[in-house]
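Fold and geometry: a report
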Amino acid sequence: MAKTAGSDENYPGLIRPSNTRGDMGARGGKLTESIGQNRRALSTINRNVIGPPPYPRVVHKRGVLAEHNATAANIPPIPVHRPITRKFAAQMASKQDQPLIQETKPVVNSVPKASASEDCVIIDVEDYKSNGDYPVPMSVQHTEAMLEEIDRMDAEFEMEDIAVEQVVDIDSVDKNNPLAVVEYIDDLYAYYKRTEFYFIIRMQISSCVPSNYMAQQFDINERMRGILIDWLIEVHYKFELMDETLYLTVNLIDRFLTTVSVVRKKLQLVGVTAMLLACKYEEVSVPVVEDLILISDRAYSRNDVLEMESLMINTLQFNLSVPTAYVFMRRFLKAADSNKKLELLSFFIVELCLVEYEMLRFPPSLLAAAAIFTAQCSVNGFKKWTKTCERHTNYTEDQLLECSKLMVTFHQKAGTGKLTGVHRKYSTSKYGYAAKSQPALFLLDATFHSKIDLAR
């Protein structure tokens with residue numbers, strides 16, 4: 001009992017080695033002396049508890065394994081208790097594979113321009129392929145295919161990096177210009193976009209008009225409207241008025257005819273009065289009423305003009321502050337980084353649309369964006385619509401194509417027919433002979449569009 005308490009209470013379940021100091025099994029008579037000799041320090045006891053004690057045959061196994069490894073691989077003995085790490089496992093694997101590599105050295109060395117080191121063989125793939133006596137190993141083929149795939153992917157990534165287009169800050173150059181109102185410009189055009197379709201009860205403040213309003217007119221039609229606007233474009237050019245005045249004049253005419261039925265003999269009076277109101281809103285020097293009466297071949301009196309002015313301004317509820325296509329043209333041309341040629345051609349195309357009744361179904365912002373897109377196609381010979389243009393117009397290329405095709409048709413037929421006022425205006429040197437530019441007919445080619453769609 002005393003023997004068990006003195007020797008085994010700190011080693012539960014431990015099988016003691018046979019060569020310990022003092023064999024108490026053989027000398028059971030001297031219990032006190034054996035217990036005194038077997039006492040150990042507390043640090044020794046703790047160390048024995050944390051880790052298992054060495055086995056009695058470890059020295060024998062290490063000697064056998066070391067002798068075996070030294071004989072087999074001719075390397076220094078490797079201790080058995082060394083942890084098997086990745087590096088250690090790799091060393092062992094390389095030593096085991098070394099005889100196989102040495103056996104293949106004569107075969108590889110027979111290939112031209114092949115060099116071999118102590119642990120590996122470097123093979124020239126091209127020379128290996130040119131030698132028909134030896135087939136290319138599967139590992140070489142796989143490695144070559146992987147390298148080609150990596151090169152291809154790198155090339156694609158480089159092309160994608162080049163193709164990524166950044167949105168340009170078009171207002172950075174005008175930060176020091178107080179007239180450019182850079183701080184408010186985005187809010188202003190956001191408001192213009194909202195007012196294109198915005199209605200308040202009993203007050204129309206929209207710049208858009210119904211595209212079928214002529215159905216409620218009993219004495220005039222869309223053809224008469226086109227004749228009137230074509231004539232007003234010539235009057236506007238003769239009086240040398242501002243561009244804003246022309247676009248506002250057309251807007252006032254359409255909005256007035258939307259709510260009031262007019263006989264054909266009063267239609268020209270509506271046009272003259274609308275131009276008078278637009279001049280009072282936009283111009284610094286306004287034409288007098290007598291000049292407008294004279295330009296209309298004295299078909300109306302001064303009182304007729306003043307009465308129509310009163311009727312029109314009350315019908316429109318004094319709302320003349322509407323965004324026309326011209327307002328959007330100035331902003332979108334800046335986003336397109338236009339030059340003088342592109343600017344004149346864009347205005348030529350959008351003025352052609354003023355005469356056409358069917359273009360009323362497009363909002364002014366879309367007309368402006370499509371005119372610039374069509375002009376770019378005509379000047380460059382290919383479709384060009386940048387991310388900057390898309391950002392500031394809020395229209396994609398696909399959204400512009402329908403309107404742009406109609407514009408190309410109007411451009412193609414601008415010099416023919418009876419309504420040629422816009423074509424004559426833009427055939428002068430003042431407007432850079434923009435009417436003589438070639439239309440972008442490739443936009444009308446169905447085959448071209450099908451190829452583009454397939455490419456996408």
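Residues numbered from 1 in each chain as written. Predicted model: local features only at pLDDT ≥ 70, side-chain atom pairs only at ≥ 80, totals over all residues. Heavy atoms only, no water.

1. Side note on the packing of helix α14 (residues 325-335) against helix α15 (residues 340-355)
Relative to each other, α14 and α15 sit at 155 degrees, their axes nearing to 12 Å. Comparing the axis directions of α14 and α15 gives the class roughly antiparallel. Between α14 and α15 lies a crossing whose hand is right-handed. Seen from α14, the contacting residues are Ala325, Tyr326, Met329, Arg330 and Leu333; seen from α15, they are Glu343, Ser346, Phe347 and Val350. Looking at the contact of α14 with α15 residue by residue, the classes come out as six nonpolar, one polar and two charged. (Axes fitted to C-alpha atoms, helices over the stretch in contact; angles between N-to-C directions. Helix = DSSP H or I, 4+ residues; strand = E, 2+ residues; numbered from the N terminus. Parallel < 35°, antiparallel > 145°, perpendicular 65-115°, else oblique. Left-handed = near helix turned anticlockwise from the far one by under 90°. Contact = heavy atoms within 4.5 Å. Nonpolar A, V, L, I, M, F, W, Y, C, P; charged D, E, K, R; others polar.)

2. Regarding the pattern of salt bridges
For the structure on display, the rule yields 13 salt bridges. For Asp254, the salt bridge identified is with Arg225, shortest N-O distance 2.8 Å. A residue pair is termed long-range when its members are at least 10 positions apart, and Asp254 in helix α10 (residues 243-259) and Arg225 in helix α9 (residues 222-239) qualify at 29 residues. You can call Arg225 buried: its relative accessible area is 2%. Between Arg424 and Glu234 there is a salt bridge whose closest N-O contact spans 1.8 Å. Separated by 190 residues along the polypeptide, Arg424 in helix α19 (residues 421-425) and Glu234 in helix α9 bring together distant segments of the chain. Assessed through its relative accessible area of 41%, Arg424 is described here as partly exposed. With relative accessibility at 30%, the residue Glu234 sits in the partly exposed group. Shared partners join several salt bridges into a network, and the residues in it are Asp171, Asp174, Asp186, Arg331 and Lys334. (Salt bridge = Lys/Arg side-chain N within 4 Å of Asp/Glu carboxyl O. Buried < 20%, exposed > 50% of the residue type's maximum accessible area, 1.4 Å probe, protein only.)

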